[in-house]
Amino acid sequence: MCGIVGFTGQENALPILMKGLYSLEYRGYDSAGIAVFTDDGLQVVKTKGRIANLEEKLHEAGNPSSTCGIGHTRWATHGGPSDRNSHPHLGGRDGKVAVVHNGIIENYLFLREQLEKHGYEFQSETDTETVAHLIDFLHKGRQQEDLAQTVLTALSLLRGSYALGVVSMEDSREIVAARRDNPLIIGLGEGENMIASDITAIISRTRRYIILDDNEVAVVRPERVTVYNQLGDVVDKPVQEVSWDLSAAEKGGYAHFMLKEIMEQPRAVADTVRPRIQDGRIVFEDNGLTDERLRETEHIHIIACGSALHAGMVGQSVIESMGRVRCSVSVASEFRYTDPIVKEKDLCIVISQSGETADSLAAMRQAQAEGAFTLAIVNVVSSSIARQADGVLYTWAGPEIAVATTKGYSAQLAALYLVAAKLALARGLMDEAEERSFCEALLELPESIHKMLEDVGTVQYLASKYTNRSSVFYLGRGLDYAAALEASLKLKEISYVHSEAYAAGELKHGTISLIEDGTLVVALATQKRLFEKTVSNIREVTARGAEVILVTTEDFDGDVSACRCVIRLPACLERFAASLSIIPLQLFAYYVAVERSCDVDKPRNLAKSVTVE
Ligand code: G6P
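These remarks concern the structure in this document. (Residues numbered from 1 in each chain as written. Predicted model: local features only at pLDDT ≥ 70, side-chain atom pairs only at ≥ 80, totals over all residues. Heavy atoms only, no water.)

Quick notes on the sheet that holds strand S25 (residues 520–525)
Right, on to step 1. Spatially, 5 strands are ordered S24-S23-S25-S26-S27 in an open sheet, and the strand pairing comes out parallel. One side of each edge strand has no neighbouring strand; the edge strands of this open sheet are strand S24 (498–503) and strand S27 (565–569). Neighbour-to-neighbour, the strand axes of the sheet open up by a mean angle of 15°, direction not taken into account.
Right, on to step 2. In the sheet, strand S23 (residues 471–476) pairs with S25 via 4 bridges, with the strands oriented parallel. Paired with Leu475 across the bridge in S25 is Ala523. (Pairing = 2+ DSSP bridges. Helix = DSSP H or I, 4+ residues; strand = E, 2+ residues; numbered from the N terminus. Axes fitted to C-alpha atoms, helices over the stretch in contact; angles between N-to-C directions.)

Section: the packing of helix H9 (residues 306–323) against helix H16 (residues 479–495)
When two helices pack together, their arrangement is given by the angle between the helix axes and by the axis-to-axis distance.
Right, on to step 1. Direction vectors running N to C along H9 and H16 enclose 170°, while the axes themselves pass 8 Å from each other. Relative to H16, H9 is oriented roughly antiparallel. Between H9 and H16, the residues in contact are Gly306, Ser307, His310, Met313, Val314, Ser317 and Val318 and Leu479, Tyr481, Ala482, Leu485, Glu486, Leu489 and Lys490, respectively.
Right, on to step 2. A breakdown of the residues in the contact of H9 with H16 according to their chemical character gives 8 nonpolar, 4 polar and 2 charged. (Parallel < 35°, antiparallel > 145°, perpendicular 65-115°, else oblique. Contact = heavy atoms within 4.5 Å. Nonpolar A, V, L, I, M, F, W, Y, C, P; charged D, E, K, R; others polar.)

Examining the side chain of Ser383
Right, on to step 1. As for its position among the elements, Ser383 is in the loop between strand S21 (373–378) and helix H12 (384–388).
Right, on to step 2. With near-sequence residues (within four places) excluded, Ser383 lies in contact with Ser354, Gly355, Glu356 and Val378.

A few points about the nonpolar core
Right, on to step 1. Ranked by size, the top nonpolar core spans 126 residues in total, and within it Ile34, Ile319, Ile349, Tyr417, Tyr474 and Phe588 carry the most contacts.
Right, on to step 2. In this view, Tyr417 contacts Val314, Val318, Phe438, Leu442, Leu445, Arg575, Phe576, Ala578 and Ser579; residues no more than four positions away in its chain are not counted.
Right, on to step 3. Listed in part, the 28 residues of the second largest apolar core include Leu115, Val131, Leu138 and Tyr162. (Core = buried A, V, L, I, M, F, W, Y, C linked by side-chain atoms within 4.5 Å. Buried < 20%, exposed > 50% of the residue type's maximum accessible area, 1.4 Å probe, protein only.)

Some points on the pairing of S23
Right, on to step 1. Burial analysis of S23 places 6 of its 6 residues in the buried class, which makes it a mostly covered element.
Right, on to step 2. The alternating pattern of S23 places Ser471, Phe473 and Leu475 and Val472, Tyr474 and Gly476 on opposite faces, both of which are buried.
Right, on to step 3. Two strands pair when backbone bridges link them, and S23 and S24 are joined in this way by 6 bridges, in the parallel orientation. Looking across to S24, one finds that Phe473 is bridged to Glu500.
Right, on to step 4. Running through H16, the crossover from S23 to the neighbouring parallel element S24 is right-handed. (Right-handed = clockwise from strand over helix to strand, strands pointing away.)

Regarding the site of the ligand
Right, on to step 1. Around the ligand there are 13 residues in total, and Ser352, Gln353, Ser354, Thr357 and Ala607 lie nearest to it.
Right, on to step 2. One of the side-chain nitrogen or oxygen atoms of Ser354 is found 2.6 Å away from an oxygen atom of the ligand.
Right, on to step 3. One of the backbone nitrogen or oxygen atoms of Ala607 is found 2.9 Å away from an oxygen atom of the ligand.
Right, on to step 4. Protein chains bury 90% of the 380 Å² of accessible surface belonging to the ligand in isolation.
Right, on to step 5. Ranked by residue count, the leading element in the shell around the ligand is H9, at 3 residues. (Near = heavy atom within 4 Å. Polar contact = N/O pair within 3.5 Å; in protein donor to acceptor, adjacent residues only side chain to side chain. Areas by Shrake-Rupley, 256 points an atom, 1.4 Å probe, with all protein chains shown as cover.)

Some points on the sheet that holds strand S14 (residues 234–235)
Right, on to step 1. Read across the sheet, 7 strands follow the order S5-S6-S7-S8-S12-S13-S14 without closing on themselves; strand pairing throughout is antiparallel. Both outer strands of the open sheet, strand S5 (89–91) and S14, are each paired with one neighbouring strand and no more.
Right, on to step 2. Judged from the 5 bridges that link them, strand S7 (residues 160–168) and strand S8 (residues 171–180) form a sheet pairing that is antiparallel. Its bridge partner lying in S8, Val166 is registered against Val176.
Right, on to step 3. Taken strand by strand, helix H5 (residues 147–157) contacts S7, S8 and strand S12 (216–220), and its axis lies near 25° from that of S8.

Remarks on the pattern of salt bridges
Side chains that differ in sign of charge can pair as their charged atoms come close.
Right, on to step 1. Under the defined criterion, the tally for this structure stands at 32 salt bridges.
Right, on to step 2. Where Glu223 meets Arg224, a salt bridge forms, and the shortest distance between an N and an O atom there is 3.4 Å.
Right, on to step 3. Each of Asp171, Glu174, Arg221, Glu223 and Arg224 takes part in one network of salt bridges that share partners. (Salt bridge = Lys/Arg side-chain N within 4 Å of Asp/Glu carboxyl O.)

Focus: the environment of Leu479
Right, on to step 1. Mapped onto the secondary structure, Leu479 falls in helix H16.
Right, on to step 2. On the basis of relative accessibility, which here comes to 7%, the residue Leu479 falls in the buried class.
Right, on to step 3. Remark: the alpha-carbon pair of Leu479 and Ser317, spanning 162 residues in sequence, is separated by 6.5 Å.
Right, on to step 4. Dropping the residues within four chain positions of it, Leu479 is found in contact with Val314, Ser317, Val318, Gln527, Glu574 and Arg575.

Describing the packing of helix H4 (residues 128–141) against H5
Right, on to step 1. Look at H4 against H5: their axes get within 9 Å of each other, and the N-to-C directions meet at 120°. Looking at the two axes, H4 sits oblique to H5. Of the two elements, H4 crosses H5, and the hand of that crossing is right-handed. Residues Leu134, Ile135, Leu138 and His139 of H4 touch H5, and the partners they reach there are Leu147, Thr150, Val151, Thr153, Ala154 and Leu157.
Right, on to step 2. Along the lines of polarity and charge, the residues of the contact of H4 with H5 split into 7 nonpolar, 3 polar and no charged. (Left-handed = near helix turned anticlockwise from the far one by under 90°.)

Structural notes on a negative patch on the surface
Right, on to step 1. A contiguous patch of negative charge on the surface is contributed by Glu532, Glu554, Asp555, Asp557 and Glu574.
Right, on to step 2. Relative to the helices and strands, Asp555 resides in the loop between strand S26 (547–553) and S27. (Patch = residues over 30% accessible without salt bridge, like charges linked within 9 Å, V, L, I, M, F, W, Y side chains within 5 Å. Lys, Arg positive; Asp, Glu negative; His and termini not counted. Charge placed at Lys NZ, Arg CZ, Asp CG, Glu CD.)

Here we look at unusual backbone geometry
Right, on to step 1. Of the consecutive residues His87 and Pro88, the connecting peptide bond is found in the cis state with omega at 0°.
Right, on to step 2. Here Pro88 lies in the loop between strand S4 (68–74) and S5.
Right, on to step 3. Positive phi values are uncommon outside glycine, yet Arg324 reaches one of about 50°.
Right, on to step 4. Within the secondary structure layout, Arg324 lies in the loop between H9 and strand S19 (326–331).
Right, on to step 5. Relative accessible area serves as the criterion here: at 61%, Arg324 is assigned to the exposed category.

Some words on H4
Right, on to step 1. Between the first and last C-alpha of H4 there are 20 Å, a value that for 14 residues agrees with the 20 Å anticipated at 1.5 Å per step.
Right, on to step 2. A large share of H4 lies buried, amounting to 11 of its 14 residues.
Right, on to step 3. Turning to H4, its buried residues are Thr128, Glu129, Thr130, Val131, Ala132, His133, Leu134, Ile135, Asp136, Leu138 and His139.
Right, on to step 4. Where H4 is buried, its residues meet S5, strand S6 (97–105), helix H3 (108–117), H5 and S7. (Expected span 1.5 Å × (residues − 1).)

Details of the side chain of Thr226
Right, on to step 1. Within the secondary structure layout, Thr226 lies in strand S13 (residues 225–228).
Right, on to step 2. Exposure remark for Thr226: the relative accessible area of 17% places this residue in the buried category.

As structure tokens, then:
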């Protein structure tokens, strides 16, 4: 989703802004632009398409040199991708103000009408241009005020969500930044400072940063950063330090970030699990999941979007079977608007890699308002969800750059296994010996994932064989169904091959009519008590001409003669099978996308961090 970067310092801002924009590419975007100060005023260069297109345009414009500027990658919401709708947007007839924005201004049409009455002419269909003109309008009427004061006034008139970067011709060294419900950080350098949507855009220049909170406004100058609250009072902000290296956000020799991140999964799972297992016992950091709370929990709500939702579905199954507490999984955007029944003794687990997903954040706030305890399972440290939840369980997967999550998802599963075991312990359903053997099995999981990653050749062969199928079906029951949903999502999001996941027993209630000669069906069967049932479903599809790839365990002794290929998982606790079965299916999606020459790390229309509703 939209990315913001800004720089003010001593060096030429342009290469720094461009590097920042490239590092924000992974968030997903369809156009890009920059605004810098030149002798002739604020110069804006922007274009639909990739940042490489912007580079070309900048080259034609003579690569304007400046020590301060703002940049933006846009993911279209109001108005399609076009040069005119790209950010930055200029405010006022003389273009004295430039604005970049991430989020949605809900009352922009009303404001636009009012501003048009005052003679403002709009060049784009965006909500953002309204902000630029509004700031210009307010600033003109309040000549004595500085830009930050004007921005504060403008914000009080805006409804919706935003992270904003604003520059004005009045001070060519200053950037004013603001946020509400959209991430924005300020990178602190020596004689230079930056604003950015996330750490990846600043890490090549500084590791120190502050996080802007909702309704705060920052004045960013080369020598200092001052943050104000809504009342205009100065706020003392804690300085944070980035905990990972630049190399973690680089490809490290792999063709794509996605492949690198798939390969990093043993480490991501190990880092999530190991610090929380000491001497064979589960030890949580202070995240509020006390034994008392877990004993008294009446209902668990898992709330998430996308792959995190699928992780939540695996979690639901493990939590219910181990902890015997009713657990429901909700799509965050649905949870918000279905008048959910949430009680004070409920535990609400919000799962999010980025920690910035707008719907997940809003759903979490709703659960909090109903009095539930909220636990965030989040990867990005100090992200909005992590900071606003009552307790946090970080997944230590490290920075994830590919839009399609892999290691983030696997680390979420590991965190959920820990929560399930903690619940079972607190409720007296697991004794110390069982805890020790559970921990032992969990500690072995990274090695089993590693084993799954060794046989890339088979998957590569399958991908080349099936790359031209127009549709693929994934089947499974229980845990395997949850894993099938994630496997199917991986394939369709990066390779654009239509794919559906079905609860294996449900297929015959309609979708089986789509099975014909040569249809590829990927069947998952990792739960012993369901083997026979899934075998019957495999027969149903092979009888209709489907070609089946079966993902199963070493124990599976059913008849596999009808399957084209059988991928076996190394021995593991059945409960952890979803962590292993997904590995070849992530690789399958990856290699199909590569075969089809897709932009694996940045699939069309998708964003890594979805910060709008
Ligand atoms: C986007 C991404 C998905 C991700 C989902 C939830 O749609 O493309 O890969 O699963 O958001 O993101 P979160 O950061 O909350 O896990």
